[in-house]
Amino acid sequence: MPEMGKHLRFRTSSLTRGIIAVSTGGAALALPVIGATGAFAAPAQPVAVEKAATSTAVSGKAIAAQKSTPVTYSVIIGDSLSKIAREHSVDGGWKALYDDNRKAVGANPDLIHAGLKLTIGAKAADKAESKASGSADRAEQSADRADRSDRTDTALAAQGAPAAAPAAAPAAEPAAYTDDLDGWIKESLAVMAEHGIPGSYDGIHRNIMRESSGNPMAINNWDSNAAAGIPSKGLLQVIDPTFQAYHVPGTSTDSYDPVANITAACNYAADRYGSIDNVFGAY
């Protein structure tokens, strides 16, 4: 039998110890917190990434906008020309940025201080402005020259002076004539036209065929002129005194020369008969 007055007491195990939470919905067993290493705070990194992405997008838009127009950038601690040029996509890199701001930076491009004002995109804008200005100046100069030319021509016309003549056309090449009876007659007609001596191709040809049969070296040694020592010579059988008296300037002084002989004879015939066309026999 068990002893009276002694009661058995059950010991509660520490492993089963828990916290009973009572609520209107009932009771729930909450397990103990074993250690601090089992608890984690909500990560903040995704928020930072999101902010960085947003900042990058905004920065990209700003850079795109800056490419077309010069902007002023204020240097902050940790900046360098290389970093600024890279972040703002400066054409030509830090060297171009330094060239654009050499006066502000000074002799050493490695020494820039916080608060220094840099202009980004200045040279590109200057070049575009200079190009536009140069085009406008050239257009204005061209218009001014045209206006001066018009005023000059107008003034000359008002004074009765002729305006500037257009450039002369190239001089025509001299006509080429064949070295035969046809060419001699045609060349003689050209010389006669210059000196106002009448005559036609047919009239000259007809008389030549009668006088010499077209032989420029023909000579008459049997008529009265020959007897007097002044024989008739050449295509139109002209004696020397007549040839000399009616010789046409610009032609040969040799009475046997075909062109000189024809033009002198036609000049004589025009003086005596009105034209070689009116001669049908000895003259």
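Source: prediction; values computed, not measured. (Residues numbered from 1 in each chain as written. Predicted model: local features only at pLDDT ≥ 70, side-chain atom pairs only at ≥ 80, totals over all residues. Heavy atoms only, no water.)

Only one face of strand β4 (residues 117-120) is buried, namely the one carrying L118 and I120, since none of K117 and T119 on the opposite face is buried. Sheet analysis places strand β3 (residues 71-74) next to β4, joined by four bridges and oriented antiparallel. Considered in β4, the bridge of V71 is made with I120. (Buried < 20%, exposed > 50% of the residue type's maximum accessible area, 1.4 Å probe, protein only. Helix = DSSP H or I, 4+ residues; strand = E, 2+ residues; numbered from the N terminus. Pairing = 2+ DSSP bridges.)

On to helix α10 (residues 258-273), then. Given a rise of 1.5 Å per residue, 16 residues ought to cover 22 Å, and the 21 Å separating the end C-alpha atoms of α10 matches this to within 8%. When α10 is considered as a whole, its buried residues turn out to be P258, V259, A260, N261, I262, T263, A264, A265, C266, Y268 and A269. Its side-chain oxygen placed 3.3 Å from the backbone nitrogen of V259, D257 serves as the N-cap of α10. The positive-phi residue at the C-terminal boundary of α10 is G274, with phi of around 95°. (Expected span 1.5 Å × (residues − 1). Polar contact = N/O pair within 3.5 Å; in protein donor to acceptor, adjacent residues only side chain to side chain.)

All right, on to the packing of aromatic side chains then. All told, the structure shown has two aromatic pairs when counted by the stated rule. An angle of 70° between the planes, with centres 5.4 Å apart, marks the rings of Y246 and Y268 as edge-to-face. On the criterion of sequence distance, the pair formed by Y246 in the loop between α9 (240-245) and α10 and Y268 in helix α10 is long-range, its members being 22 residues apart. Each ring, one from Y268 and one from Y283, has its centre 6.0 Å from the other, and the planes form 35°; the classification is tilted. Here Y268, found in helix α10, pairs with Y283, found in the segment after α10; they are 15 residues apart in sequence, far enough to count as distant. The same class applies to Y268 and to Y283, which are both buried. Of the aromatic side chains, those joined through ring pairs into one cluster are Y246, Y268 and Y283. (Phe/Tyr/Trp six-rings, centres within 6.5 Å; stacked < 30°, edge-to-face > 60°.)

Another aspect to go through is helix α7 (residues 201-211). Among the residues of α7, G203, I204, N207 and I208 are the ones counted as buried. The buried side chains of α7 occupy one side of the element, clustering within an arc of 125° when seen end-on. Each element contacted by the buried residues of α7 is listed here: α6 (181-194) and α10. Remark: S213 follows α7 within two positions and exhibits a positive phi of approximately 60°. (Arc of directions from axis to C-beta. Contact = heavy atoms within 4.5 Å.)

Assignment of secondary structure puts I230 in the loop between α8 (224-227) and α9. Between the C-alpha atoms of I230 and N220, which are ten residues apart in sequence, the distance is 9.4 Å. Not counting chain neighbours up to four residues away, the residues in contact with I230 comprise N225, I239 and P241.

Applying the stated criterion across every chain, the model contains five salt bridges. K83 is the partner of D79 in a salt bridge, and the nearest nitrogen-oxygen pair spans 3.9 Å. The exposure class of D79 is buried, given its relative accessible area of 11%. (Salt bridge = Lys/Arg side-chain N within 4 Å of Asp/Glu carboxyl O.)

Moving on, we come to the environment of L235. By secondary structure assignment, the location of L235 is in the loop between α8 and α9. What makes L235 buried here is its relative accessible area of 1%. Each C-alpha atom of the pair L235 and P258 lies 6.6 Å from the other, and the pair is 23 residues apart in sequence. Beyond its immediate chain neighbours, meaning those up to four positions away, L235 contacts L181, W184, I208, E211, S212, G214, N215, P216, P258, N261 and I262.

Structurally, T251 can be placed in the loop between α9 and α10. T251 gets classed as buried once you look at its relative accessible area, which sits at 13%. Linking T251 and V191, residues 60 residues apart in sequence, is a C-alpha distance of 8.5 Å. Once you skip the residues sitting within four places of it in the chain, T251 turns out to touch V191, V259, A260 and T263. Here V248 takes part through its backbone oxygen, which lies 2.6 Å from a polar atom of the side chain of T251.

Attention now moves to unusual backbone geometry. In terms of backbone geometry, most residues other than glycine have negative phi values and most peptide bonds are trans. Notably, S89 is not glycine yet its phi reads approximately 50°, a positive angle. Along the chain, S89 falls in the loop between α2 (81-87) and α3 (93-100).

Glancing now at the packing of α6 against α7. The relative placement of two packed helices comes down to the angle between their axes together with the axis-to-axis distance. Taken N-terminus to C-terminus, the directions of α6 and α7 make an angle of 130°; their axes are 10 Å apart at the nearest point. Regarding the angle of α6 to α7, the classification is oblique. Viewed along their axes, α6 and α7 form a crossing whose handedness is right-handed. In this structure, α6 uses L181, D182, I185, K186, L189 and M192 to contact α7, whose residues at the interface are Y201, I204, H205, I208 and M209. Within the contact of α6 with α7, the residues separate by chemical class into eight nonpolar, one polar and two charged. (Axes fitted to C-alpha atoms, helices over the stretch in contact; angles between N-to-C directions. Parallel < 35°, antiparallel > 145°, perpendicular 65-115°, else oblique. Left-handed = near helix turned anticlockwise from the far one by under 90°. Nonpolar A, V, L, I, M, F, W, Y, C, P; charged D, E, K, R; others polar.)

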